[in-house]
Amino acid sequence: MRWSDRFESQAMKRAQDRMLRNAVCHALAALAFCVTPGYADEDPPAVASDFASRVDLSPMAGIAVQDTGRLKSFETFARKVVRDIAGPRGAPGQEASFTYLDLMFRPEEYREASIIYVKKKQVRAAIAQALYEDDSVQSAVLKRFKETGQISAALLMHPAVVNLLDKLDRDLMRTAKSVNEIRSAMQLADPRTLSFILRVIPLPDGEPRDEWLSVDQLGRSSGVPQDAAHAGVSAAPIPGLEPERNDALVDAWRDLGGAWRAQSAPDASEALARVAGLLQGVNPALYPDAGRLSWESWYFRSRNMTWIWGIYLLALVPLLMSVIYRWDRARFIGMGLFVVAFGFHTAALLLRWYISGRWPNSNMFEAVTTTAWFCGAGSFVLEYLVRKTALRNLFFLGSAVASMAALMAAYYMPVQLNPHIGNMMPVLHDVWLYIHTNVIIYSYGLIAMAAVSALLYLGYRMLGGNSRVAKAGGAGSLIMSDKGAGSFLKEKSKATAGQVLDAATMVSMELSFILLWTGLVMGAIWADHSWGRPWGWDPKEVFALNTFIIFLLLVHVRFKVRDKGFWTAILAVVGCCVMLFNWIVVNFVITGLHSYA
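Not measured: the values here are computed from a predicted model.

S.K.: Describe the overall build of the chain, with residues and values.
M.R.: If you tally the helices and strands in the chain, you get 22 helices and six strands. Sorting the 597 residues of the chain into buried and exposed places 52% on the buried side. Taking the intrachain contacts of the chain between residues at least 6 apart in sequence as the baseline, contacts between residues at least 24 apart amount to 74%. By element, 61% of the accessible surface of the chain is carried by carbon and sulfur atoms, the whole surface being about 27,900 Å².

Here it is as structure tokens:
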């Protein structure tokens, strides 16, 4: 090599490294902007008080609550309840655990606070319009309500709003559900309800399936002040509970309520520690492991680890560069970041499995995040098979895009994708849940990966690329010999970028085609087993079939049309759109037997 050629090569390498560093820096800046909550500094606490920052809530992490038959940490339980009352933002400036106890012990402080969440924007606008006519209601309050959806119980009790809600409740198709959610939130914020559902006392001689006792039942063991948190109590001790422990619990709970209302942080912290210690000793055999409760609290405190989408974004940048420019350094950086993202993703999946006691695939949040994980797991297998071909990096890239999009949806849409862990519906207690559902959602992940390479192909064609396509159809290229039709994909071959992208699309498409068909057949078997018929034209069934038909058309169209690559890419993108319609519209708009999935 001549000296001048060597110099030009080194200069080009330095320019490529500089471009890679700049791209990663821009991605980091965008990530920092996206993951920073926009309301942290602008929204005041629901009830201004320095008591919230001084009281020690850490003992509550060791308290278990029985909720709908499942034991969860108090922090997780409080997050769920406060979310049902105040929406995904909760009470700004306060922990959910503090808000729960504050609502229970000091409800009068929240009557004028914007704490009730109205989800439907149409209903928000109607309520705001009804209140605009009252000059005593500040326009700034209504403006913030329309933006955040949070309003005070006092304004919801305004005569104009009460009449409006009665009217909207009669519209069963459009607004009745939203009105019911508002009224449920108001009922849930009642201190008597909060006390009744706080089932933290296991039966002293009980079995695992027995219902736990609530704190208002604890109050009946001795004289307790008739305040808002202990309305209607009577003197009736808890059966089977030692008198000493019963009296100690009553005293500790009474002291906690008194210290909380007096805003005495040291006394409240001390009473909380006493309550936690005494509850754990009522029936240690029934009490969940402290480590599990701690991990559960951490998991939800860290936003279910959905922030992993940011690491997938960082991996996407160098992976895309490695595909376009064939940079080895970008490839290694992208692969390293992808492995880190997938490692965290796997940890999140296993942690949720450990917390819930089941494989996480029984609701929309779990289906979306598990699909993203399947994308990553499948991409490792595919990348190993194509490691010596021009297809390498494309499956990591497709998985990074699909996983990033799925986890972003879970991160930014906590209302639609509810992350809380609940009991499975009875129909889901079947081995087919782990067969049919996993096969279907894996096929959905492959459909998303096929759409990524298809969009890259369409971009290549729009920039003037030729219409040459893969000589071996998709997955077949993975098993062809070096001298066969798949040899054009070898890394040192002269295959065009269009051929490589077309081949990648066909690999993902063919695999998803097989898995989707298998999943549909398995679904029919499960439906016949559960509902007594294999097919019932349920919306979910219909649109899953529609997705399969589109890929069936794709296979046949490829044999007939002239511009095979273009129409393959178009149908791959259309198939992905139908799949997303099946997941989004069918689940959230159209009601059917599969509404839980």
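S.K.: So what's going on with the packing of aromatic side chains? Which residues, and what values?
M.R.: Under the counting rule described, the total for this entry stands at 33 aromatic pairs. Aromatic side chains Phe-105 and Trp-260 sit 6.1 Å apart centroid to centroid with 40° between the ring planes, which places their arrangement in the tilted category. Linking Phe-105 in helix H4 (residues 96–105) with Trp-260 in helix H12 (residues 243–261), this pair joins segments that are 155 residues apart in sequence. With 5.8 Å between their ring centres and 65° between their planes, Tyr-312 and Phe-338 make a pair best called edge-to-face. Here the residue Tyr-312 occupies a position in helix H15 (residues 309–325), and Phe-338 occupies one in helix H16 (residues 328–356), the gap between them amounting to 26 residues. Taken individually, Tyr-312 and Phe-338 each receive the classification buried, so the pair is uniform in this respect. In this structure an aromatic cluster arises from ring pairing among Tyr-312, Phe-338, Phe-342, Trp-353, Trp-359, Trp-373, Phe-374, Phe-380, Phe-396 and Tyr-442. The ring centre of Tyr-411 lies 4.0 Å from the NZ or CZ of Arg-303, which sits over that ring.

S.K.: Describe the side chain of Asp-102, and please don't skip the residues or the numbers.
M.R.: Positionally, Asp-102 belongs in helix H4. Residue classification places Asp-102 among the buried positions, given a relative accessible area of 0%. Within the structure, Asp-102 has its side chain in polar contact with the side chain of Trp-260 (distance 2.7 Å). Beyond its immediate chain neighbours, meaning those up to four positions away, Asp-102 contacts Pro-107, Tyr-110 and Trp-260.

S.K.: Give a description of the nonpolar core that names residues and reports values.
M.R.: Judged by nonpolar contacts, the single largest core of 78 residues is most densely connected at Tyr-312, Phe-338, Leu-391, Leu-394, Phe-395, Tyr-444 and Trp-583. Ranked by residue count, the leading element in this core is helix H19 (residues 432–462), at 12 residues. Here Tyr-444 is in contact with Thr-371, Leu-516, Ala-544, Met-579, Asn-582 and Trp-583, once residues within four sequence places are set aside. Within the second largest apolar cluster, 75 residues are counted, among which are Val-55, Ala-86, Leu-101 and Ala-113.

S.K.: Which residues make up the pattern of salt bridges, and what values do they have?
M.R.: All told, the structure shown has 23 salt bridges when counted by the stated rule. Note that Glu-211 and Arg-199 form a salt bridge whose closest N and O atoms lie 4.0 Å from each other. Remark: Arg-199 occurs in strand S5 (residues 199–201) and Glu-211 occurs in the loop between S5 and strand S6 (213–214); sequence separation between them is 12 residues. With its nearest N and O atoms 3.1 Å apart, the salt bridge here joins Arg-533 to Glu-541. Residues joined by salt bridges that share partners form a network here, namely Asp-67, Lys-72, Lys-80, Arg-83 and Asp-84.

S.K.: Explain helix H14 (residues 290–301) residue by residue, including any values.
M.R.: Every α-helical turn comprises 3.6 residues, leaving residues that sit three or four positions apart pointing alike. Between its first and last C-alpha, H14 extends 16 Å over 12 residues, near the 16 Å set by a 1.5 Å rise per residue. All of the buried residues along H14 are Arg-292, Leu-293, Glu-296, Ser-297, Tyr-299 and Phe-300. For H14, the buried positions fall inside an angular range of 160° around the axis, keeping them on one side. In this fold, the buried residues of H14 make contact with strand S1 (64–67), strand S2 (70–73), helix H3 (74–86), H16 and helix H17 (364–385). If you check the start of H14, you find a side-chain oxygen 3.0 Å away from the backbone N of Gly-291, and it comes from Asp-289. Positioned one or two residues after H14, Arg-303 has a phi angle of 60°, which is positive.

S.K.: Mind laying out a nonpolar patch on the surface, listing which residues take part and the relevant values?
M.R.: Residues Leu-580, Ile-584, Phe-588 and Val-589 make up a contiguous nonpolar surface patch of about 370 Å² in total accessible area. With respect to the helices and strands, Phe-588 occurs in helix H22 (residues 564–588). Relative accessible area serves as the criterion here: at 40%, Phe-588 is assigned to the partly exposed category.

S.K.: So, the packing of H15 against helix H18 (residues 394–412): which residues are in play, and what are the values?
M.R.: Axis separation between H15 and H18 bottoms out at 9 Å; the angle between their running directions is 155°. Here H15 is positioned roughly antiparallel relative to H18, judged by the angle of their axes. The handedness of the crossing between H15 and H18 is left-handed. Residue-level inspection shows Trp-309, Tyr-312, Leu-313, Leu-316, Leu-319, Leu-320 and Val-323 of H15 in contact with H18, the latter providing Leu-394, Phe-396, Leu-397, Ala-400, Val-401, Ser-403, Met-404, Leu-407, Met-408, Tyr-411 and Tyr-412. Here the contact of H15 with H18 is built from residues that sort into 17 nonpolar, one polar and no charged.

S.K.: Help me get a handle on the confidence of the model for the chain, residues and values and all.
M.R.: With 82% of its residues at a pLDDT of at least 70, the chain reaches an overall mean of 83. Put simply, helix H1 (residues 3–35) is where the chain has its lowest mean pLDDT, 50, and H18 is where it has its highest, 95. Note on residues 35–42: pLDDT under 50 across the span, and four contacts to partners over four residues away in sequence or across chains. Segment residues 228–235: pLDDT under 50, and 22 contacts once partners within four positions in sequence are set aside and those in other chains are kept.

So, how was this worked out
- Residues numbered from 1 in each chain as written.
- Predicted model: local features only at pLDDT ≥ 70, side-chain atom pairs only at ≥ 80, totals over all residues.
- Heavy atoms only, no water.
- Helix = DSSP H or I, 4+ residues; strand = E, 2+ residues; numbered from the N terminus.
- Buried < 20%, exposed > 50% of the residue type's maximum accessible area, 1.4 Å probe, protein only.
- Contact = heavy atoms within 4.5 Å.
- Areas by Shrake-Rupley, 256 points an atom, 1.4 Å probe, with all protein chains shown as cover.
- Phe/Tyr/Trp six-rings, centres within 6.5 Å; stacked < 30°, edge-to-face > 60°.
- Lys NZ or Arg CZ within 6 Å of the ring centre and 35° of its normal.
- Polar contact = N/O pair within 3.5 Å; in protein donor to acceptor, adjacent residues only side chain to side chain.
- Core = buried A, V, L, I, M, F, W, Y, C linked by side-chain atoms within 4.5 Å.
- Salt bridge = Lys/Arg side-chain N within 4 Å of Asp/Glu carboxyl O.
- Expected span 1.5 Å × (residues − 1).
- Arc of directions from axis to C-beta.
- Patch = residues over 30% accessible without salt bridge, like charges linked within 9 Å, V, L, I, M, F, W, Y side chains within 5 Å.
- Axes fitted to C-alpha atoms, helices over the stretch in contact; angles between N-to-C directions.
- Parallel < 35°, antiparallel > 145°, perpendicular 65-115°, else oblique.
- Left-handed = near helix turned anticlockwise from the far one by under 90°.
- Nonpolar A, V, L, I, M, F, W, Y, C, P; charged D, E, K, R; others polar.
- pLDDT = per-residue confidence, 0-100.

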